[in-house]
Amino acid sequence: MEDIRWKKFKLCGDYNVDMRSLYLAWATPGGMEKWFLRKADFFTVPQRLRSGDEQISKEDTYEWHWHGYDNTVVEKGQILEANGMDLIKFTFTGGSTATVSFSTRNGLTIVDLLQENIPQESDPEKNLLVQCQIGWTFYLANLKSVMEGGKDLRNKRVELASCFK
């Protein structure tokens, strides 16, 4: 019997930032490049490249590049949902999906991230659940730092190996 505990995880963060600003940090190429990616290209269904401040839409495809890696490392996927307010869902590495939802509680904006359908891997060093959970934890912390007026914590140098990319 398959152990489903290794197929999904959920993380959340609380932010002293308005929900609209946080949504746009996830839903625009320029927003994602401020805290997450070196380059975030989103393409409409007719394959038009979205501008930096243009919101993504359902069925867009993407090509993402991270700081600390050259252009041969690229994540490609598709936007499955983007409602313009409080929900974004996209395909992610290994055939998984990630859903990001936004809400408010006690004067803070809450970002919930659920990654599901993670393929199981027998080699712990290649375990996507562990690697993605570590990565998302870092990027959610970086989102908080950047959006609340702090530093960008990413290593932006290809020649300097680091776990914080």
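Conventions we followed
Residues numbered from 1 in each chain as written. Predicted model: local features only at pLDDT ≥ 70, side-chain atom pairs only at ≥ 80, totals over all residues. Heavy atoms only, no water. Salt bridge = Lys/Arg side-chain N within 4 Å of Asp/Glu carboxyl O. Helix = DSSP H or I, 4+ residues; strand = E, 2+ residues; numbered from the N terminus. Buried < 20%, exposed > 50% of the residue type's maximum accessible area, 1.4 Å probe, protein only. Core = buried A, V, L, I, M, F, W, Y, C linked by side-chain atoms within 4.5 Å. Contact = heavy atoms within 4.5 Å.

Right, let's talk about the pattern of salt bridges for a bit. One pass over the full model with this rule turns up nine salt bridges. Between arginine 50 and aspartate 60 there is a salt bridge; the shortest N-O distance is 2.5 Å. Remark: aspartate 60 occurs in the loop between strand 2 (39–43) and strand 3 (61–65) and arginine 50 occurs in the loop between strand 2 and strand 3; sequence separation between them is ten residues. Lysine 156 is the partner of aspartate 152 in a salt bridge, and the nearest nitrogen-oxygen pair spans 3.1 Å. On the basis of relative accessibility, which here comes to 27%, the residue aspartate 152 falls in the partly exposed class. The partly exposed category is assigned to lysine 156, whose relative accessible area is 45%.

With that settled, consider the nonpolar core. Counting 38 residues, the largest nonpolar core has Trp26, Phe36, Trp64, Phe90 and Trp136 as its most contacted members. Looking at this core, the element that brings in the most residues is helix 3 (residues 128–147), giving eight residues. The contacts of phenylalanine 90, once residues within four sequence positions are left out, are Trp26, Tyr62, Trp64, Gln78, Ile79, Leu80, Ser96, Thr97, Ala98, Val100 and Trp136.

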